[in-house]
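Below are the chains, spelled out letter by letter.
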Amino acid sequence: MLTQPTDLPIEEVVDDLLSSFRSGHRAVLVAPPGSGKTTIVPLRVLEEFGTDGKIVVLEPRRLATRAAARRMAFLIGEDVGATVGYVTRDDRQTSKATRIEVVTEGVLTRRFQRDPALAGTAMVVFDEFHERNLQTDLGLALTLDSIESRRPDLKLLVMSATLDAQRVADLIDAPVVTGSGRMHPVEMRWSPLSRTGRLDQHVASVVKQAMGEPGDILVFLPGMAEIERVARSLEGVDAEVHMLHGSLSIQAQDAALFPSSKRKIVLSTDIAETSLTVEGVRIVVDSGQARAPRFDPHTGMTRLRTVPISKSSAEQRAGRAGRTGPGVAYRLWSLIENGTRRPHSEPEITQVDLAGLALELAAWGKPDPSQLPFLDQPPPRTFREGRDLLTSLGAIDGAGVLTATGRRMLDLPLHPRLARMVIDAAHDDRWLACVLAAVVDERDPFRSRAGESPPADLSLRVDAVGGIDNQWADRRAVDRLRVRASDLAGRIPGLKKPGDRLKSGARSAPSQRSGAVLALAYPDRLAIRRGSPGRFQLRTGTTAFLAPTDSIAGEGFLIAADLDGKRKDARIRLAAAIDTDDVALMFSSEVEKKVSLQWSGERVVSRTERRLGGLALDVSERPADPGPDVARLLAARVRKLGFQSLDPNGSVRAWLDRLEFGGGQRREGDFSERALLDGLEDWLGSQLTSVVSLSDLDPIRALKAQAPGRGRQPPSQVELGNGRKVKVTYPDGVPRIAVKAQDLYGVNRHPEIGGVPLVVEVLSPANRPVQITSDLPGFWKGSWAQVRKEMMARYPKHDWPADPTAR
Ligand code: ADP
Ligand code: MG
């Protein structure tokens, strides 16, 4: 099958390996990088067993997946897609004839979720197991669970480049086969980066220095951005400069891997640490850093962060210089710092957020990780947080069972937060959701300039992706986001042909809806403004702020997608405004309504306050419904303000006075103000429960009902001797009238009611009392002369007869 025999070191142990599969179903293979694990072992297994089913080989990276398939196909003289093929999330080359399928780890997980028995697969090979990706650990757990319950015949091989394989051998209950490599000595040279130095410049100068010695140079850098910067610094050196990273074309990758007649400098991510072998390397320059997934509390998701590599990774990297002959490794950190580095990389499962893992386990039907044979159990607290997040996203129900939304989330290459946003966005918001998912998932396309931070408003980024120029925007970053958003849109049924969208220029999204859409991903990140512009409070209680000059600083509500991790006074770095109605809609199940009765001026109103987790959203008022609650408020108000409040124009008082004058009824009740206030509910009760304001009360009507003798109430008017009718009041039970002097002319008998003389108040033309008398004829005869004199002086135009009785 292999067209040429290989002399790779792995051949020495292949027989041992094959014989362990003859006697059992599982094995662990440990051998150094470059010894032939990836490209030889699957072919030898196929040769030996010619299995009925496929051999599925898992690689942690896309680039390695493609490279392994191509190399194996080459070794048997075929094209990729015949006996050997590959499948990644976005790309596949396989056929009916394919027996060895190299796949990325996520592909295996998807297959298990569709078919837990993995029908048609005879063997699963985990390559690069030492990397301990989350997907590797999950894939192994699912494989073991499937073997136990459904597929006792499934063969399992775990391959690792580092020696700490005994734990996994114990877990899967398998023998360890150990191979050796061919290693020449490698000399270490420490060349630490100074505290203020720039990595790319330092790397370039070390590379130039290293060119004094023979051999190709392999440089390890954390990521693509650093690789591109160093490549620019190396322009003009006498060598071919190649780049090697995940998003590279096959051609560019081949050029980097194979020896060339000219001297080569390969700038690589950690992909060349163990996954890919770069031929002819004698010199390694190691930045000592790698991009690794870490939980990022700022965004509430896992993101790639640049971290120092472990001692074991550094060993692997240095070893790449000793394959062809003695080599040199430059390490850009100090021997002292090296002592502080961890011996091995931490398994990803202990470093990242586990919402995605919890989602997979729910889909697998074993939501509790302790039900599965993980090499390292996920940290319980992180896992619980992940599960709580899934619940709040609606991906699992109260019992931990996957919902329809949750199932669809599994198929999107996004964190559960962003996947939920894309799935649950209303149809018209879908494209916006894709753009937002891209913006939040990737690096901010707005860049700080001259020490000034860009504005926090996410909708400005959405507009930039939509083609609106923005001074903060990095054009290339914006272009990348547009491609990413289109890719996401392409995965959503009903949002087809995002390419057409882009071509037609119709790529703008309704950015003012950004907050409403973002809330689907960040229901826990609602911020409510507290006081002055820029001051906010999150639902969790944390206070947060942004610059008061920021365009969204004055908004009432924000959804904060990126917050620096402080417990108190977190800085909001990315957010979008959301209006109150959208908040109420989005969080309707959690919004509490607090209804209370309040005074609004003279009336009682019903005030509805909407609250969310202790924060007030808004307040609305409407007229209150009359009833016992309103009655209590009305009665309390009357008691507080006094009887006066029931009787603003004194008519009640007047009525009571007449009642008292009328006499008789007093024995049937106490009509003093004190008693009426105390007994308010008794005599006014039915009115109190049917109105909402004091002015709607009619106390006299209520009092009449209380006083059965009301028919004999004294008159409220009296006719004077001159025929005029005037109003009578009864203060303190004494009838009284107040009349202008002119209106009394011609009244010669003192007026009385039921034999009781009235108190007559004689008024000036300006309604000022000039005399009080109970004997009008006496007044006319007596002091009138004096009064008349004064009045004539003051009001000469009025009529002041000397004898008013003559009129
Ligand atoms: P391992 O998986 O143990 O690290 P590989 O199977 O990837 O080893 O590679 C074994 C050897 O095969 C390498 O040392 C190299 O010599 C050779 N090899 C692998 N891939 C290629 C390739 N694409 N082109 C040329 N040689 C290759
Ligand atoms: Mg390998």
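Residues numbered from 1 in each chain as written. Chains lettered and ligands numbered in written order. Predicted model: local features only at pLDDT ≥ 70, side-chain atom pairs only at ≥ 80, totals over all residues. Heavy atoms only, no water.

Draft legend 1. Local environment of the pattern of salt bridges. Considering all chains together, one arrives at 57 salt bridges under this definition. As a salt-bridge pair, Asp376 and Arg132 come within 2.7 Å of each other at their nearest N and O atoms. Taken together, the positions of Asp376 in the loop between α12 (355–364) and α13 (380–393) and Arg132 in the loop between β6 (121–126) and α5 (134–149) put the pair 244 residues apart, joining distant regions of the chain. Residues joined by salt bridges that share partners form a network here, namely Arg89, Asp90, Asp487 and Arg491. (Salt bridge = Lys/Arg side-chain N within 4 Å of Asp/Glu carboxyl O. Helix = DSSP H or I, 4+ residues; strand = E, 2+ residues; numbered from the N terminus.)

Draft legend 2. View of the environment of Ser645. Within the fold, Ser645 resides in the loop between α22 (628–641) and α23 (651–662). Given the relative accessible area of 17%, Ser645 is considered buried. Separated by 492 residues in the primary sequence, Ser645 and Asp153 place their C-alpha atoms 92 Å from one another. The residues contacting Ser645, other than those within four sequence positions of it, are Val638 and Leu694. A polar contact of 2.7 Å, which involves the side chain of Ser645, links it to the backbone oxygen of Gly642. (Buried < 20%, exposed > 50% of the residue type's maximum accessible area, 1.4 Å probe, protein only. Contact = heavy atoms within 4.5 Å. Polar contact = N/O pair within 3.5 Å; in protein donor to acceptor, adjacent residues only side chain to side chain.)

Draft legend 3. Looking closely at the sheet that holds strand β27 (residues 736–740). Pairing is mixed across the open sheet formed by three strands, whose spatial order is β27-β30-β31. Single-partner strands in this sheet number two, and they are β27 and β31 (769–773). Neighbour to neighbour, the strand axes of the sheet diverge by 20° on average, direction disregarded. Bridge count for β27 against strand β30 (residues 759–763) is five bridges, and the pairing is parallel. Each residue of the ladder has a partner; that of Val739, found in β30, is Val762. (Pairing = 2+ DSSP bridges. Axes fitted to C-alpha atoms, helices over the stretch in contact; angles between N-to-C directions.)

Draft legend 4. Molecular detail of the environment of Ala802. Within the element layout of this structure, Ala802 appears in the segment after α29 (784–794). A relative accessible area of 53% means that Ala802 is categorised as exposed. Beyond its immediate sequence surroundings of up to four residues, Ala802 is in contact with Trp784 and Arg788.

Draft legend 5. Main features of the site of ligand 1. Taken together, 15 residues form the shell around ligand 1, and within it Gly34, Thr38, Thr39, Phe258 and Arg323 come nearest. Lys37 has a polar side-chain atom sitting 2.8 Å from an oxygen atom of ligand 1. At 2.6 Å, a side-chain N or O of Thr39 approaches an oxygen atom of ligand 1. When ligand 1 sits alone it has 560 Å² of accessible area, and the protein chains cover 87% of it. Its residues assigned to classes, the shell around ligand 1 shows four nonpolar, seven polar and four charged. (Near = heavy atom within 4 Å. Areas by Shrake-Rupley, 256 points an atom, 1.4 Å probe, with all protein chains shown as cover. Nonpolar A, V, L, I, M, F, W, Y, C, P; charged D, E, K, R; others polar.)

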